[in-house]
Amino acid sequence: MNKLQLKYNALHILYWMATCAIYGYVAVFLQYKGMTNTEIGFVTGGGCVCTIFLSPYISSLVSKVKSLSINKIMYILFSILSILFLVISIFDLPNIVIMGAYVLLLSLIVSTVPFLSMIAMNYIKTGEQLNFGLSRGLGSVSYAVSAVLLGQFIEFFNPTVLSYIFVISAVLLLLLLRTFPKVESNLDIKEGSSSVVTIVKKYKVFFFILIGFGCMFAASTAISTYLINIVKNLNGSTSTYGIAIFFMAASEMPVMALTPRLMKKYDSMTLIKVAAVFYIIRNFTICLAFNLPILFGGMMMQSMSYGLLTAVITYYVNSHLEEQDQMMGQTMIAIMTSGIGSMIGNVLGGVLQDTFGINAMFVFVCSVTVIGVAVIFFTSIYAKKRATELEVEIAK
């Protein structure tokens, strides 16, 4: 394994450790601060709405501002995140202030995801041997291990320990980022950058894949955000919750690492459809689970659902979108999933639980999953039809 691969692996390990501190225990942290499920839903949903606007804006800065690069933007964002998380953890602030600050935390951390993907894609374009799927899979393992350890830390101390873990991870990440070799990339070209509208108009198949992915992501977000409630409903504890997250995240590693090989044997659309089918199996198993072992089994289906789809669609952008559109393409993935999808899942998940109970949330999860899968399969039919029409036109 080359030196660059090792560094990129470590980057994902630190990044997803930091992300787990913000995202993995959002409900636990906010409940500790005295908030209801509905309030938590509005915080997480608000973070998603912010992401829809903030993520493309931040991504566009790299192409618009000559002095900015991926590294510099990462330094700025992680510094802001560290200060903000420490402030709301240490000081006794009004709920409305904590809610606003956490909305910003969630949107900023999601806005950094496209940069992590583009770091790999830019090196790959220069001929470097870099396996994005392997590194992303190791990031999932890191998230899983962090979830278990953080669960123990929270029980021993309290949820404010999350902010200290985040700061340590962020500092190490930024120090590591400084050691990466410079690379000339499309992000250094300060002209011809695209927008969200450009992506939607030019790449209709890609956009509809993202709509389907967004629906399935909304369902899985409702599960993951309120997983602590699902676990407790099955007589589990905070430690059990950490174990559940471990099963979910750790399972992603093997499939993500194998994605480059799978894409040599099967086309992207086939793999996306396989992932969609496994989303149904995963979400229905979790919603219908009547004990913790079945719940853990459902969580492990994360590998062939989210794990496979995330890796495939990242490579899809690099191979199907024009170079000047790839940064915004990666950003669109975040917008449609962590933005719109998460917003729907977080808000409706919280409101449905507080109004009608946890079973109402399960009905929502199963319904929106089926809708997402249907969109993916109809998009596949459309893509195949378009490909056939293009072949006929070329033949003429």
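Basis of the calculations
- Note on numbering: residues in each chain are counted from 1, in written sequence order.
- Residue-level local features of this predicted model are given only where pLDDT is at least 70; pairs of side-chain atoms are given and counted only at 80 or more, and the full residue set underlies all totals for whole chains, interfaces and linings.
- Think of the side-chain values as coming from all heavy atoms in the structure, minus any hydrogens and water.
- Numbering goes from the N terminus for both helices and strands, where a helix is a DSSP run of H or I of at least four residues and a strand is a run of E of at least two.
- In this description the radius of gyration comes from C-alpha coordinates, and the expected globular size is given by 2.2 Å times residues to the power 0.38.
- Each residue is placed in one exposure class: buried if its accessible area under a 1.4 Å probe, protein chains only, is under 20% of its type's maximum, exposed if it is over 50%, and partly exposed if it falls in between.
- Every residue pair with non-hydrogen atoms within 4.5 Å of one another is taken to be in contact.
- For every accessible area listed, the method is Shrake-Rupley and the probe measures 1.4 Å; residues are considered covered only by the protein chains on display.
- Put simply, a salt bridge is a Lys or Arg side-chain nitrogen that is within 4 Å of an Asp or Glu carboxyl oxygen.
- Patches draw on residues past 30% relative accessible area with no salt bridge. Two like charges within 9 Å are joined, as are two nonpolar side chains (Val, Leu, Ile, Met, Phe, Trp, Tyr) within 5 Å.
- Contacts described as polar in this section are N or O atom pairs within 3.5 Å, which, within protein, must combine one atom able to donate a hydrogen with one able to accept it, while residues neighboring in sequence count only if both atoms come from side chains.
- Comment: axis = line fitted to C-alpha atoms, over the contacting stretch for helices; angle = value between 0 and 180 degrees taken between N-to-C directions.
- By the definition adopted for this analysis, an angle is roughly parallel if under 35 degrees, roughly antiparallel if over 145, roughly perpendicular if from 65 to 115, and oblique otherwise.
- Residues were grouped as follows: Ala, Val, Leu, Ile, Met, Phe, Trp, Tyr, Cys and Pro as nonpolar; Asp, Glu, Lys and Arg as charged; and all remaining residues, including Gly, as polar.
- Side-chain rings of Phe, Tyr and Trp, where Trp is taken by its six-membered ring, are said to pair if the distance between their centres is within 6.5 Å; with planes under 30 degrees apart they count as stacked, over 60 as edge-to-face, and otherwise as tilted.
- Each helix should span, by expectation, one fewer than its residue count multiplied by 1.5 Å.
- pLDDT gives the predictor's per-residue confidence on a scale running from 0 to 100.
- Among buried residues, the Ala, Val, Leu, Ile, Met, Phe, Trp, Tyr and Cys ones that are joined through side-chain atoms within 4.5 Å form a nonpolar core.
- Crossing handedness is read from the near helix: turned anticlockwise from the far helix by less than a right angle, it gives a left-handed crossing, and turned clockwise, a right-handed one.

A. Seen up close, the overall build of the chain. From N to C terminus, the chain includes 18 helices and 0 strands. Since a compact globule built from 396 residues should have a radius of gyration of about 21 Å, the 20 Å found for the chain is in line with a globular shape. A buried classification covers 57% of the 396 residues belonging to the chain. Across the chain, the fraction of contacts at a sequence separation of at least 24, relative to all contacts at a separation of at least 6, is 86%. Total accessible area on the chain stands at roughly 16,300 Å², and carbon and sulfur atoms take up 68% of it.

B. Seen up close, the pattern of salt bridges. For the structure shown, the criterion picks out 3 salt bridges. Linking Glu252 and Arg136 is a salt bridge whose minimum nitrogen-to-oxygen distance equals 3.9 Å. Of the two residues, Glu252 sits in helix α13 (residues 252-265) while Arg136 sits in helix α7 (residues 132-156), which places them 116 residues apart along the sequence. The partner of Glu322 in a salt bridge is Lys202, and the shortest N-O contact between them spans 3.3 Å.

C. View of a nonpolar patch on the surface. Together, Val145, Leu149, Phe153, Phe156, Phe157 and Phe246 line one region of the surface with nonpolar side chains, adding up to about 590 Å² of accessible area. Counting residues per element, the nonpolar patch draws most heavily on α7, at 4 residues. Relative to the assigned elements, Phe153 resides in helix α7.

D. How the structure looks around the side chain of Ser220. By secondary structure assignment, the location of Ser220 is in helix α10 (residues 204-225). One polar contact links the side chain of Ser220 to the main-chain carbonyl oxygen of Phe217, over a distance of 3.0 Å. Setting aside anything within four residues of it in sequence, one finds Ser220 in contact with Tyr279, Arg282 and Asn283.

E. Region of interest: the packing of helix α5 (residues 95-111) against helix α6 (residues 113-125). Orientation of α5 relative to α6, taken along the N-to-C sense of each, is 15 degrees, at an axis distance of 4 Å. Judged by the inter-axis angle, α5 sits roughly parallel to α6. For the pair α5 and α6, the contacting residues are Ile109, Val110 and Ser111 in the first and Val113, Pro114 and Phe115 in the second. Grouping the constituent residues of the contact of α5 with α6 by class yields 5 nonpolar, 1 polar and no charged.

F. How the structure looks around the packing of aromatic side chains. Within this structure, the stated rule accounts for 14 aromatic pairs. Residues Tyr123 and Phe180 carry aromatic rings whose centres are separated by 6.5 Å and whose planes lie at 40 degrees to one another, so their mutual orientation is tilted. In this pair, Tyr123 is assigned in helix α6 and Phe180 in the loop between α8 (161-177) and α9 (196-202), connecting sequence segments 57 residues apart. The exposure classification of Tyr123 matches that of Phe180, with both residues buried.

G. Broad picture of helix α12 (residues 238-250). The terminal C-alpha atoms of α12 lie 18 Å apart, and with 13 residues this matches the ideal 18 Å at 1.5 Å per residue to within 8%. Every buried residue of α12 is listed here: Thr238, Ser239, Thr240, Tyr241, Gly242, Ala244, Ile245, Met248 and Ala249.

H. Looking closely at the confidence of the model for the chain. Of the residues in the chain, 94% reach a pLDDT of 70 or more, and the chain-wide mean stands at 85. Averaged pLDDT values for the elements of the chain fall to 77 in α12 and rise to 94 in helix α14 (residues 268-288). This stretch, residues 185-192, has a pLDDT under 50; its non-local contacts, to residues over four places away or in other chains, come to 20 contacts.

I. Representation of the nonpolar core within the structure. If you look at the biggest cluster of nonpolar residues, it comprises 98 residues, and the most contacted ones within it are Phe78, Phe85, Tyr102, Phe166 and Leu295. Beyond its immediate stretch of four places on either side in the chain, Phe166 contacts Ala18, Ala21, Ile22, Phe78, Leu81, Ser82, Phe85 and Ile109. Ile209, Val255, Ala275 and Ile376 belong to the second largest nonpolar core, which has 36 residues in total.

J. Just unusual backbone geometry, in detail. Phi at Asn235 is positive, roughly 70 degrees, even though this residue is not glycine. Tracing the backbone through its elements, the reader meets Asn235 in the loop between α11 (227-233) and α12.

K. The packing of α14 against helix α16 (residues 303-320), seen in detail. Remark: α14 packs on α16, axes separated minimally by 8 Å, with the N-to-C direction vectors making an angle of 155 degrees. Taken together, α14 and α16 sit at an angle that is classed as roughly antiparallel. Note on packing geometry: the crossing formed by α14 with α16 is left-handed. Of the residues in α16, those in contact with Ser268, Leu271, Ile272, Val274, Ala275, Phe278, Tyr279 and Arg282 of α14 are Met304, Ser305, Tyr306, Leu308, Leu309, Val312, Tyr316 and His320. Split into classes, the residues belonging to the contact of α14 with α16 amount to 12 nonpolar, 3 polar and 1 charged.

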